[in-house]
Amino acid sequence: MARRRPEELLGTIIWEACPDVVGSLMQPICERAMRDQVSVHFDMFYPPYDSWFEHHVYPLPESSPFFRDVTARKEAERKIQQLNESCRPRDRELEESKLLFGKMKALKISMTP
C-alpha cells in the first residue's frame, strides 16, 4: 500500500487497490468516515512493511485515505517513553530525599533557640 506511487492509487477504490487492508482495522474506520460524514485521523502499524502509518480520511466521494510513514516518529516516542520509565525510580528517590531534607530542616529549626 504505502510503497506505491500516488499516481498508481489515484482514481482507484482503496479496497481494490490494496486488498491486504480489507478486514484490517483500517476498513471500519474508513467506512465510518464515509457513512457518518466525518474526518478521521489515526495511526496504524502495517506488518508487511514493518512500519507505522498516519492516516487521514475525509468523507469525500472521490477521496481515498491520505497516509504517510511515521515509523521514525513512533520509534522516537517509544524511546522517550522508555527514558521516562527509567527515570521514575530516580524521581521517587528525589521526592523522598526532598521530604527527608524538609523534615531535617524543620527539626533543625525547632532545635535552635
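Moving on, we come to the environment of Trp52. Of note, Trp52 is situated in strand 2 (residues 51-57). Each C-alpha atom of the pair Trp52 and Asp69 lies 5.9 Å from the other, and the pair is 17 residues apart in sequence. If we ignore the near neighbours within four places in the chain, the residues touching Trp52 are Asp43, Met44, Phe45, Arg68, Asp69, Val70, Thr71 and Lys74.

What follows concerns the packing of aromatic side chains. In this structure the tally under the stated criterion is five aromatic pairs. Site record: aromatic cluster; members linked through ring pairs are Tyr46, Tyr49, Phe53 and Phe67. Taking the ring centre of Trp52 as reference, the NZ or CZ of Lys74 above it sits at 4.6 Å.

A separate point is the side chain of His55. Topologically, His55 is positioned in strand 2. Separated by 3.2 Å, the side chain of His55 and the backbone oxygen of Phe53 make a polar contact.

This paragraph deals with the pattern of salt bridges. By the definition in use, this model includes seven salt bridges. Of the charged contacts in the structure, one is a salt bridge between Arg73 and Glu77, with a shortest N-O distance of 3.3 Å. Note that Arg73 and Glu77 are positioned in helix 4 (residues 71-111) at a spacing of four residues, about one turn of the helix. Residue classification places Arg73 among the partly exposed residues on the basis of a relative accessible area of 30%. Look at the salt bridges and you will find they share partners, linking Asp43, Glu54, Arg68, Arg73, Lys74 and Glu77 into a network.

Reading the values: the criteria
- Residues numbered from 1 in each chain as written.
- Predicted model: local features only at pLDDT ≥ 70, side-chain atom pairs only at ≥ 80, totals over all residues.
- Heavy atoms only, no water.
- Helix = DSSP H or I, 4+ residues; strand = E, 2+ residues; numbered from the N terminus.
- Contact = heavy atoms within 4.5 Å.
- Phe/Tyr/Trp six-rings, centres within 6.5 Å; stacked < 30°, edge-to-face > 60°.
- Lys NZ or Arg CZ within 6 Å of the ring centre and 35° of its normal.
- Polar contact = N/O pair within 3.5 Å; in protein donor to acceptor, adjacent residues only side chain to side chain.
- Salt bridge = Lys/Arg side-chain N within 4 Å of Asp/Glu carboxyl O.
- Buried < 20%, exposed > 50% of the residue type's maximum accessible area, 1.4 Å probe, protein only.

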